[in-house]
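Now for the letters of each chain:
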Amino acid sequence: MSPFTALGLVFTSSICGGALGGFAGAFIGKYSPGYYIAVFDAKNDSSFDPVAVGIGRGVTQGMIGGLVLGLLLVGLYFWRDSRTPKRESESL
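About the criteria used
- Residues numbered from 1 in each chain as written.
- Predicted model: local features only at pLDDT ≥ 70, side-chain atom pairs only at ≥ 80, totals over all residues.
- Heavy atoms only, no water.
- Helix = DSSP H or I, 4+ residues; strand = E, 2+ residues; numbered from the N terminus.
- Rg over C-alpha atoms; globule rule 2.2 N^0.38 Å.
- Contact = heavy atoms within 4.5 Å.
- Areas by Shrake-Rupley, 256 points an atom, 1.4 Å probe, with all protein chains shown as cover.
- Lys, Arg positive; Asp, Glu negative; His and termini not counted.
- Charge placed at Lys NZ, Arg CZ, Asp CG, Glu CD.
- Buried < 20%, exposed > 50% of the residue type's maximum accessible area, 1.4 Å probe, protein only.
- Phe/Tyr/Trp six-rings, centres within 6.5 Å; stacked < 30°, edge-to-face > 60°.
- Lys NZ or Arg CZ within 6 Å of the ring centre and 35° of its normal.

### Some details on the overall build of the protein chain
For step 1, the next point in the chain: The helix and strand tally for the protein chain stands at three helices and zero strands.
For step 2, the next point in the chain: Overall, the protein chain shows an N-to-C arrangement of helices and strands of α-α-α.
For step 3, the next point in the chain: Since a compact globule built from 92 residues should have a radius of gyration of about 12 Å, the 20 Å found for the protein chain marks it as more spread out than a globular shape.
For step 4, the next point in the chain: Overall, the C-alpha framework of the protein chain stretches about 70 × 20 × 15 Å when taken along its three principal axes.
For step 5, the next point in the chain: Intrachain contacts of the protein chain at a sequence separation of at least 6 include 66% that bridge at least 24 residues.
For step 6, the next point in the chain: A total accessible area of about 6800 Å² is found for the protein chain, and carbon and sulfur atoms account for 68% of it.
For step 7, the next point in the chain: Of the side-chain charges in the protein chain, 7 are positive and 6 negative, and the distance between the mean point of each set is 6 Å.

Written out as structure tokens, the structure reads:
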């Protein structure tokens, strides 16, 4: 795996994680707004928007999760590649 491919994998997994997290946060904010209201103690705040908070939290947490997953996958690939014996034809 080239360094550009590894970087692309990490970037793509981070973006996909952020998108999935944003959708999940929006879903929670829309269909279970009491969760974010309770977490942020915003019972008396009329300007609190649980959907917006859910999207923001979901995107940031999803991107971090995707980044960690991408780095883990790249690390596992390079670890496996370093432990695989090379055939004579591959070393040329």
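### Here's the deal with the environment of Ile15
For step 1, the next point in the chain: Structurally, Ile15 is set in helix H1 (residues 3-31).
For step 2, the next point in the chain: Exposure remark for Ile15: the relative accessible area of 40% places this residue in the partly exposed category.
For step 3, the next point in the chain: Spatially, the C-alpha atoms of Ile15 and Tyr77 are 20 Å apart, while their sequence positions differ by 62 residues.

### What about the environment of Phe23?
For step 1, the next point in the chain: When you line up the elements, Phe23 lands in helix H1.
For step 2, the next point in the chain: In the structure, Phe23 is positioned 35 residues away from Gly58 in sequence and 7.3 Å away in space, judged by C-alpha atoms.

### Overview of the packing of aromatic side chains
For step 1, the next point in the chain: A full pass over the atoms with the stated rule returns four aromatic pairs.
For step 2, the next point in the chain: When the centroid spacing of 5.1 Å and the interplanar angle of 65 degrees are considered together, the rings of Tyr35 and Tyr36 count as edge-to-face.
For step 3, the next point in the chain: Ring geometry for Tyr77 and Phe78: centres 5.7 Å apart, planes at 75 degrees, overall edge-to-face.
For step 4, the next point in the chain: Its end group placed over the ring of Tyr31, Lys30 keeps NZ or CZ at 5.8 Å from the ring centre.

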